[in-house]
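Fold and geometry: a report
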Amino acid sequence: MGSLKLAATLLLLGSPVLVSSALAQSAPTYGLGRTPSAEEIRARDINIGSTGEELPPGRGTPKEGAKVFTLQGCIVCHGEEGVGGLGPALKSKTSQDLPIWRRERILPLRSPFATTVLDYINRGMRLGREGTLKPDEVYALTAYLLFVNKVIPEDTVLDEKSLPKVKMPIGEGWARLPDWKPGTRRLQGYPY
């Protein structure tokens with residue numbers, strides 16, 4: 001109870017930094033873990049946004065991606081050219097004349113940004129060895145999947161500058177979250 005009195009006194013004195021420091025010091029400790037260093041946090045901060053600011057240096061082409069697809073064993077789960085394996089299909093089998101929402105659920109088609117495709121491959125592949133692909137391999141695989149789905153031409157070189165500029169087939173047809181502020185009613189049609 002003494003720490004609460006100390007916190008109240010510090011709050012009355014107008015020092016929120018001292019209050020949070022006093023409360024943190026009075027919290028029970030269990031002898032587990034430690035505060036991560038700034039370097040450790042940076043190493044785990046691998047999210048890649050739509051603008052591509054976080055993209056690693058590297059490059060890749062569809063031809064290189066086809067080789068990586070075979071050498072890394074992607075064929076085992078996803079089949080030849082990304083169709084027919086036990087894993088999710090990566091290439092559309094339907095006509096390009098159909099609206100995007102009438103085609104299969106293919107990441108390189110339904111993703112609003114090409115950076116999302118790269119981000120998924122970077123963090124989620126290979127199965128059981130996630131995050132172990134080199135940046136050039138990830139760029140090459142992304143280029144390959146975009147090429148087999150007719151999003152980019154075969155001679156395209158993807159890198160940290162060109163990838164965010166790729167126009168995805170879904171265009172502006174993806175669902176944006178509505179503007180909402182805490183404490184206000186939610187819009188109808190949105191269950192969250």
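Residues numbered from 1 in each chain as written. Predicted model: local features only at pLDDT ≥ 70, side-chain atom pairs only at ≥ 80, totals over all residues. Heavy atoms only, no water.

1. Things to note about the overall build of the chain
Within the chain, the regular secondary structure consists of eight helices and two strands. Sequence-ordered secondary structure for the chain, helices as α and strands as β, is α-α-α-β-α-α-α-α-α-β. For the chain, the proportion of its 192 residues judged to be buried stands at 30%. A separation of at least 24 residues holds for 54% of the contacts in the chain among residues at least 6 apart in sequence. In the structure as shown, the chain presents an accessible area of about 13300 Å², 58% of it carried by carbon and sulfur atoms. (Helix = DSSP H or I, 4+ residues; strand = E, 2+ residues; numbered from the N terminus. Buried < 20%, exposed > 50% of the residue type's maximum accessible area, 1.4 Å probe, protein only. Contact = heavy atoms within 4.5 Å. Areas by Shrake-Rupley, 256 points an atom, 1.4 Å probe, with all protein chains shown as cover.)

2. Structural notes on the pattern of salt bridges
Taken as a whole and judged by the stated rule, the model has four salt bridges. The partner of Arg 59 in a salt bridge is Glu 64, with the nearest N and O atoms 3.1 Å apart. Under the relative-accessibility criterion, Arg 59 is labelled partly exposed at 38%. What makes Glu 64 partly exposed here is its relative accessible area of 32%. (Salt bridge = Lys/Arg side-chain N within 4 Å of Asp/Glu carboxyl O.)

3. Considerations on the environment of Leu 55
Along the chain, the position of Leu 55 falls in the loop between helix 3 (38–44) and strand 1 (59–60). We classify Leu 55 as buried; its relative accessible area is 9%. Along the backbone, Leu 55 and Leu 118 are 63 residues apart, and their C-alpha atoms lie at a distance of 9.0 Å. Contacts of Leu 55, omitting those with residues within four sequence positions, involve Ile 48, Thr 115, Leu 118, Tyr 139, Glu 160, Leu 163 and Pro 164.

4. Digging into the layout of surface pockets
Approximately 470 Å³ is the volume found for the largest pocket. Along its surface, the largest pocket is lined by 22 residues, and His 78, Pro 88, Leu 90, Tyr 120 and Met 125 are the ones closest to its centre. Elements that contribute at least two residues to the lining of the largest pocket include exactly helix 5 (74–78), helix 7 (114–124) and helix 8 (135–148). Per-element accounting of the lining of the largest pocket gives the leading share, four residues, to helix 5. Its volume calculated, the second largest pocket comes out at about 200 Å³. Considering the residues around the second largest pocket, the lining is formed by 14 residues, among which Pro 112, Phe 113, Val 166, Lys 167 and Met 168 are closest to the centre. The residue inventory of the lining of the second largest pocket, partitioned by class, reads eight nonpolar, three polar and three charged. (1 Å grid on protein atoms, 1.4 Å probe; cavity = no way out; pocket = protein on both sides within 12 Å on 5 of 7 lines; lining within 4 Å. Points joined across faces, edges and corners; volume = space filled by probe spheres on them. Nonpolar A, V, L, I, M, F, W, Y, C, P; charged D, E, K, R; others polar.)

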